[in-house]
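Close look at the chain arrangement
Each chain is listed here by its residues.
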Amino acid sequence: MKRSSAILMAISSLPSPHGIGTLGKSAYEFVDFLRAAGQSYWQLLPLGPTSYGDSPYQSFSTFAGNPYLIDLDMLIEEGLLTEDEVKSIDWGSDPRCVDYGKIYSNRYNVLKLAKQRGWERDEAKIKAFADENRHWLMDYALFMAVKRYFGMKSWTEWNDEEIRLHKSEAVDKYSQLLNEDVTLFVYIQYLFFKQWNELKEYAHKNGIQFIGDVPIYVALDSADVWAGPQNFQLDERNVPVEVAGVPPDYFSADGQLWGNPLYDYEGMRKDGFSWWINRINGYTKLYDVIRIDHFRGFESYWAVPNGENTARNGRWVKGPGMDLVGRLTETFSGIEFIAEDLGYPTPEVSKLLHDSGMPGMKVLEFAFDAHEPSDYLPHNYCENCICYTGTHDNPPLALWREEASGADIEFAKKYLGINEEEGFDFGIIRGGMSSVAKLFVAQMQDYLGLGSGNRMNTPGTQSGNWTWRMLNGELSNELAEKIHEMARIYGRIK
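All values derive from a computational prediction rather than experimental measurement. (Residues numbered from 1 in each chain as written. Predicted model: local features only at pLDDT ≥ 70, side-chain atom pairs only at ≥ 80, totals over all residues. Heavy atoms only, no water.)

With respect to empty space enclosed by the protein
Across all of its chains, the model carries two cavities of 30 Å³ or more by this definition. A volume near 150 Å³ is recorded for the largest cavity. Forming the boundary of the largest cavity are 18 residues, of which A10, S12, P46, P56 and N66 lie nearest the centre. Class assignment of the residues belonging to the lining of the largest cavity gives a composition of 13 nonpolar, four polar and one charged. Empty space within the second largest cavity amounts to approximately 70 Å³. Surrounding the second largest cavity, L8, M9, A10, S13, L45, H392, Q443, Q445, M456 and W468 form its lining. Here the lining of the second largest cavity is built from residues that sort into six nonpolar, four polar and no charged. (1 Å grid on protein atoms, 1.4 Å probe; cavity = no way out; pocket = protein on both sides within 12 Å on 5 of 7 lines; lining within 4 Å. Points joined across faces, edges and corners; volume = space filled by probe spheres on them. Nonpolar A, V, L, I, M, F, W, Y, C, P; charged D, E, K, R; others polar.)

Some remarks on the nonpolar core
With 165 residues, the main nonpolar core has F30, W42, W276, F298, I428, M444 and Y447 as its most contacted residues. A per-element tally of this core places helix α9 (residues 179-205) first, with 13 residues. (Core = buried A, V, L, I, M, F, W, Y, C linked by side-chain atoms within 4.5 Å. Buried < 20%, exposed > 50% of the residue type's maximum accessible area, 1.4 Å probe, protein only. Helix = DSSP H or I, 4+ residues; strand = E, 2+ residues; numbered from the N terminus.)

What to know about unusual backbone geometry
At M152, a residue that is not glycine, the phi angle is positive and equals roughly 65°. A positive phi is found at N238, a non-glycine position, where the angle reads about 65°. Here N238 lies in the loop between α10 (223-227) and β4 (242-246).

Describing the layout of surface pockets
The gaps left among the atoms become clear once a water-sized probe is rolled over them. One number sums up the size of the second largest pocket: a volume of about 440 Å³. Of all the secondary-structure elements, those providing two or more residues to the lining of the second largest pocket are α5 (123-132), α9 and α12 (274-284). In terms of residue count, α9 provides more of the lining of the second largest pocket than any other element does, five residues in total. Among the residues forming the lining of the second largest pocket, the class breakdown is 17 nonpolar, nine polar and six charged.

Notes on the packing of helix α6 (residues 137-149) against α9
The contact between α6 and α9 brings their axes to 8 Å, and the two run at 125°. As judged from the angle between their axes, α6 and α9 are oblique. As for the relative orientation of α6 and α9, their crossing is right-handed in sense. Along the contact surface, α6 presents L137, M138, Y140, A141, L142, M144, A145 and R148, while α9 presents D181, V182, L184, F185, V186 and Q189. (Axes fitted to C-alpha atoms, helices over the stretch in contact; angles between N-to-C directions. Parallel < 35°, antiparallel > 145°, perpendicular 65-115°, else oblique. Left-handed = near helix turned anticlockwise from the far one by under 90°. Contact = heavy atoms within 4.5 Å.)

Rendered as structure tokens:
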């Protein structure tokens, strides 16, 4: 990875007339903006179908694409939908926020109409797509069809024990019974990847590559766990004994109770971690650079007894370390990785990061403690690291300035020599852009100067997250030129 810079922006955060950002016109316009701004990468949040809570880090599948991100205007252009069918639906009234309730209630209805018109027309292409993705697609499609049949309950609560435990006779039975819904979810995935591949091709032609965020864990309520329980630490009824989380930290006094099932790393080790190889191979079809979220969980992970209300009463358990990490870097030598190594740094985690060769992360919002020296201060960086103003779990810079202590903000101003003409947000951005870190990343909200009400996620909270959207007209040629000039000055344009 050459010296360069990126902007962090979820697809869902793009403006669109249908309630949520999509892979359509606004995505192409954002690629144009990135190019004009001298950026090399677009960093995304996970692209999988979201479950309860709408978090992209809790997906129904580690391989599938989010149906909400399929652009409806493109389907109209293809003759799969009519304008009246799309425009007659209430997708939400606030262009700044995604109304997931309305999206959930309406999106599948119009996608079903598209399938009715496109299935026979696209039959040969669908078959080729299904053959290429046979290792996950039919399990996912059946999983979603059965979920709908049982009122969208988690698979652990399905009334039929045979299908709940993925027995082969039950799989055959429900595949026939729910064939119409199964084929609907196959077609939806065909549409998603068709649109994604077209966007990716356009981005590459314009010199923009994608950084994709890979959650270390998968959701319990997912096709991955339902169809592959042997890969996880489950009891005889396929229920987790312990679940994933992190202990109390900077983000939350109670820690974060994620609830994901833990991997059976000993079982995975016996076949050379084939599940992980298949998973990362799927991500290589989406992204150019893979950022592994919660990398420290490969060294040791926090295991919390199932049924706890917080993550306080967990324990550290040794992870697979270089046995897995080395297998991934060796198998995917043509892909670049980023290790999200934040939270509870230990000598063991530092050694694993060093041995992996992956760049770790430095977050500027963590750097400016007026009372304690920080490794996140730019003068402590090595070249093999990635500098962020903040991640999706941090407030935008304008909000951080309001929430941080006055002493910390004054320290940041003094350290970076921030002046009024430049402005606080761009002064922090300059600090990261000018650092030796090989890649610098800022949230789009930071460049727009947006503060309160524009945070993407607040860890440890259950509502109000993942809804932020950019408004039409907030991108401008002037802003692109300003970012481009800073990237040029600090040698971040390839």
